[in-house]
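# Descriptive structure summary
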Amino acid sequence: MTLKAIPLKLWTRKELDTFMKDNLPVDMDPILQGKKAPPAGITKDILWNFAINLLRMVDKQQEDLVKTKSEEGAVVGQDRSEQVLKELEAMRECFANIPDMIQKAINGKEKTDDTGKLLNPSPKKTPQKHTLKLEKVGLEKWKVVKAKVRKTLQSIPVDGTSSNEEDTNLVFKDKSQRDKAEELLKSEFDTSTATLTTKKLNPKVTISDIAGEITTAEEVYSEILRKNEEIKEQVESHQEELKVIFLHKEDRYAVVQMSKKIREIVRKRNDRINLDFQIHIVKDRFHIVQCFKCQRYGHKSDSVMCPRRDSGDPVCTYCAGNHRFKDCQVKKDRKVDSRCCANCKSSRSKIDQLNATTHTANSFQCPFFIMEKERLMSRTAGAEMLKNEYSRKARDFLERRRTH
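Quick summary incoming for the structure in this document. (Residues numbered from 1 in each chain as written. Predicted model: local features only at pLDDT ≥ 70, side-chain atom pairs only at ≥ 80, totals over all residues. Heavy atoms only, no water.)

Quick look at the pairing of strand β6 (residues 242-248) now. Here 6 bridges tie β6 to strand β7 (residues 253-258), and the two strands are oriented antiparallel to one another. Its bridge partner lying in β7, K243 is registered against Q257. Linking β6 to β7, which pair antiparallel, is a turn of 4 residues; within it R252 sits at a positive phi near 60 degrees. (Pairing = 2+ DSSP bridges. Helix = DSSP H or I, 4+ residues; strand = E, 2+ residues; numbered from the N terminus.)

In C-alpha cells:
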C-alpha cells in the first residue's frame, strides 16, 4: 500500500475521516491509543509518513488561510476563514501526538487501561555525553598532537572535540569507549573524565509590532501574563520558564524565551499571543552566531576558535578578500558576479567550491549557514518538526542549484 499526496483543499473533518478510511483500511483508534499493534502490511514507515503528511497539510492550510484572508477581504471570506481556523485547530489537536502514539503501539511495551492511562510507562532516558579532558593541551598544542592522538584512538569512535586556551575535550557516546581511550592516553597526557547530562535549549520566539506604550522588557512580561491566562497558569502554578530577553524599542519587537510546554500552548493558538489591545503573530527564532573576522559560524571574533583572532586582516563577507566588509571595493562597485563566500571557497567539497560565487558568506543560501541552523534546531526543545521541514526544503534548494 502506498500513500498518495494529501489533497490541499481538505477543509472539513468529514473529508478528513473519509481520507483516513480510503488510505488506511484499518481501525486507527486502538492503534493510536497504543492498545493494539498495527496489522501486517501497515508498517511503521507508512504510519509515520501518514502522520507527518497530515501535520504538513495543516501547516499548508494555515498558509492558504492567510492568503484567503488577505485576498478576499469580504464578509463571506471572513466567515469562511473563521470556520477553517476552527477545523485546523481540531485537526492539530487530534494529530499532534500521533508519532508518539505510533511508536508506543509498535514497541508494544506500554499498556493502557480503559481510561487510556499508562499502566507501565517507560522511563525517560536522559541524554548524556561522556568527555575525556586532556589537561594543559590548549588549542595550539592540540594542533601539534592531534595526529598522534588520532593514531592512538584509530579504533575508537569519537563524537567530537572542543578546545580552549587551556584544555581539550574529547566527546564519546559510550562510557566504555571513553574509559578505553583514557587507558590509551593517560601515559602521555594528564586526563580527567566527566559525564554530562545534555539538556536542550528552551525555544525562543519573536513577537513583532509591539505597541509604543510598552517601553520595557518587564512590561512585555507582565502584559503576556495579564492577557494570556493559560501561560500565566503555567508560569505561576507549574514554574514553567518565561523570560523576555530584550525589547527592541526602535523596531518594536521582543525576543522571548519560553519552556517547551508554553511554546506548545502558543502553537495550538495558531502561533498567536495577546498583548495590550491586539493579537500578535509569534515566530520561532534561531539566533545564528557568525564571526565577522573569519566568517565561520558558531563563534565570535574574540574566541579561540577564530583562526584570525590575533591577525589584523579579516575576511570580507562579500568577496572573501583580506579586508573589512565596509572597505570592499567589489561591493561598492556592485559587481555581483565577483561576490564569493569565504566558507564555500575554502570547503573540502568541490561542489561547494563551484557554488562559492553564487552567494556571500552571510547568505541564508550558504550550505554552512544551513548546517549551523540545523544544529541549533537540533539543540532546541520541541523544534524537531521545524528542523525536518527546514532540512527538506534546504536539501531541495541545494539540489536544484547544483543541477543548474
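Turning our eyes to something else, we now look at the packing of helix α9 (residues 229-238) against helix α10 (residues 260-268). Look at α9 against α10: their axes get within 10 Å of each other, and the N-to-C directions meet at 170 degrees. Here α9 is positioned roughly antiparallel relative to α10, judged by the angle of their axes. Where α9 approaches α10, its residues E230, I231, Q234 and V235 are matched on the opposing element by K261, I262, I265 and V266. (Axes fitted to C-alpha atoms, helices over the stretch in contact; angles between N-to-C directions. Parallel < 35°, antiparallel > 145°, perpendicular 65-115°, else oblique. Contact = heavy atoms within 4.5 Å.)

Our focus in this paragraph is α10. For α10, every residue scored as buried is listed here: I262, R263, I265, V266 and R267. In the stretch just after α10, N270 is the one whose phi turns positive, near 60 degrees. (Buried < 20%, exposed > 50% of the residue type's maximum accessible area, 1.4 Å probe, protein only.)

Next up on the list: the nonpolar core. If you look at the biggest cluster of nonpolar residues, it comprises 21 residues, and the most contacted ones within it are I210, V220, I224, I231, L242 and V256. At the level of secondary structure, the elements contributing two or more residues to this core comprise β5 (204-207), α8 (217-227), α9, β6, β7, α10 and β8 (272-275). Here the element with the most residues in this core is α8; it accounts for 4 residues. Ranked by size, the runner-up nonpolar core spans 20 residues in total, among them A320, A356, F369 and M377. (Core = buried A, V, L, I, M, F, W, Y, C linked by side-chain atoms within 4.5 Å.)

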